[in-house]
Amino acid sequence: MIKAILFDMDGTLLDTEGIWNKAWTAVEEKYGFMFEPKIKDSFIGMPKQKMLEIKDSIIPSHLDYDEIQNFRVQFFHEYTSSHPIEIKHGAFECLNFLKNKGIKAIVCTSTYKERAIPWLKDAGLYDYFDDIVTGDIVKVGKPNPEIYEITLKKNHLHADECLAVEDTTVGVLAATGADLKTFYIKDILDISNEAYAKIYKQLDNLREIIKEIGGQENE
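The rules we used
- Every chain is numbered independently, its residues counted from 1 as its sequence is written.
- It should be noted that, the model being predicted, local features are given only for residues of pLDDT at least 70 and side-chain atom pairs only at 80 or more, the latter also being counted only at that level, while totals for whole chains, interfaces and linings use all residues.
- Calculation of side-chain values draws on the structure's entire complement of heavy atoms; hydrogens and water are dropped beforehand.
- Think of it in three bands: with a 1.4 Å probe and only protein chains considered, a residue is buried below 20% of the maximum accessible area for its type, exposed above 50%, and partly exposed in between.
- Note on conventions: DSSP H or I runs of at least 4 residues are helices, E runs of at least 2 residues are strands, and numbering of each starts at the N terminus.
- Arc definition: it is the arc formed by the directions from the helix axis to the C-beta atoms.
- Whether two residues are in contact is decided by their heavy atoms: any pair within 4.5 Å suffices.
- Stacked, edge-to-face and tilted are the three classes for Phe, Tyr and Trp ring pairs, Trp counted by its six-membered ring, which pair at centre distances within 6.5 Å; planes under 30 degrees apart are stacked, over 60 edge-to-face, the rest tilted.
- We call a charge positioned over a ring when the NZ of a Lys or the CZ of an Arg lies within 6 Å of the ring centre and within 35 degrees of the ring normal.
- By nonpolar core is meant a set of buried Ala, Val, Leu, Ile, Met, Phe, Trp, Tyr and Cys residues that side-chain atoms within 4.5 Å join together.
- Any N or O atom pair separated by 3.5 Å or less is treated as a polar contact, with the protein-specific requirement of one donor-capable and one acceptor-capable atom, and with residues adjacent in sequence counted only for side-chain atom pairs.

Participant: Pulling in residues and values, what's your account of helix α6 (residues 113-122)?
Facilitator: Residues of α6 that are buried: Ala116, Ile117, Trp119 and Leu120. Buried residues along α6 cover an arc of 165° about the axis, so they all sit on one side. Along α6, the residues that are exposed and aim more than 90 degrees away from the buried face are Glu114 and Asp122. Buried residues in α6 make contact with α1 (17-31), α4 (65-82), β2 (104-108) and β3 (131-133). In the stretch just after α6, Gly124 is the one whose phi turns positive, near 80°.

What follows is the structure in structure tokens.
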């Protein structure tokens, strides 16, 4: 019996990854350098801890990383002040279904609490969740499974009682690394072959979870 669904946030519940990509493009234009496309793609889903590890190898040495990071965040906030963050297709239907079924909905996001909570509140999603676990409580971010392991322990759940929903390679590897059956919903990029081989099933949108859960209940 499924007791909880564990959702990634960026790119899964909220359509934020494309905006962050625009912010990185703005960084390139302002500071006069270009990331290799493969490097820029790797930023999607990358937790803050990993970014701090690699910053010296991707940012020109004459530039200040903290200044660039502040500019990127400022760009995001200015952009979303006139372009509200969109909610991924089927989110409300899925969350209402889970609430009516008594199945817990939990967020497991690499985004830090100071951003995740306001974004979920602004989107009208916050009250649907039984718990929101954010990236600032883990020592190692995705693809390490720590955030999922902490979530399971905190909520007195076992992996076989839950399903995860992710949109990136690092997210899928984190969830499956915690032995969670994981739905993959593509956002911007395809996930790696390694990650794809580990997923439970690929879905087109969040609404399809309703059918999947209903089917499992009837098994």
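Let's pick the thread back up.
Participant: Summarise the side chain of Asn205; cite the residues concerned and give the values.
Facilitator: Mapped onto the elements of the fold, Asn205 is located in the loop between β6 (201-203) and α10 (208-217). You can call Asn205 buried: its relative accessible area is 17%. The contact partners of Asn205, leaving out residues within four places of it in the chain, are His89 and Ile185.

Participant: Describe the packing of aromatic side chains, listing the residues and the values that go with them.
Facilitator: As enumerated under the stated definition, the model contains 13 aromatic pairs in all. The interplanar angle of 90° and the centroid separation of 5.3 Å between the aromatic rings of Trp24 and Phe35 together place this pair among those described as edge-to-face. Note that Trp24 is positioned in helix α1 and Phe35 in the loop between α1 and α2 (37-42), a separation of 11 residues in sequence. For the residue pair Trp24 and Phe35, the accessibility class agrees, reading buried in each case. Between the aromatic rings of Phe35 and Phe43, the centroid separation amounts to 5.0 Å while the plane-to-plane angle is 90°, which identifies the pairing as edge-to-face. As far as the burial class goes, Phe35 and Phe43 line up, both buried. Clustering of aromatic rings is evident, with ring pairs tying together Trp24, Phe33, Phe35 and Phe43. Against the face of Tyr31 rests Lys30, its NZ or CZ located 5.6 Å from the ring centre. Above the face of the Tyr126 ring, Lys121 is positioned so that its terminal group lies 4.9 Å from the ring centre.

Participant: Can you break down the nonpolar core residue by residue, with the values?
Facilitator: Formed by 37 residues in total, the largest nonpolar core has its most connected members in Ile5, Phe7, Leu14, Leu98, Phe129, Leu206 and Ile209. No other element matches the five residues that helix α5 (residues 91-101) contributes to this core. Residues contacting Phe7, with those up to four places away along its chain left out, are Leu13, Cys94, Leu95, Leu98, Ala105, Ile106, Val107, Cys108, Phe129, Val165, Leu206 and Ile209. Ala4, Ile147, Ala174 and Leu180 belong to the second largest nonpolar core, which has 17 residues in total.

Participant: Break down the side chain of Thr176 for me, with residues and values.
Facilitator: Along the chain, Thr176 turns up in helix α8 (residues 169-177). Under the relative-accessibility criterion, Thr176 is labelled buried at 15%. Within the structure, the side chain of Thr176 is placed 2.7 Å from the backbone oxygen of Val172, a separation counted as a polar contact. Residues contacting Thr176, with those up to four places away along its chain left out, are Thr182 and Lys198.

Participant: Which residues make up α5, and what values do they have?
Facilitator: Along α5, the residues classified as buried are Ala91, Cys94, Leu95, Phe97 and Leu98. Projected down its long axis, α5 carries its buried residues within an arc of 155°, all on one side. Just past α5, the residue Gly102 takes up positive phi, approximately 75°.

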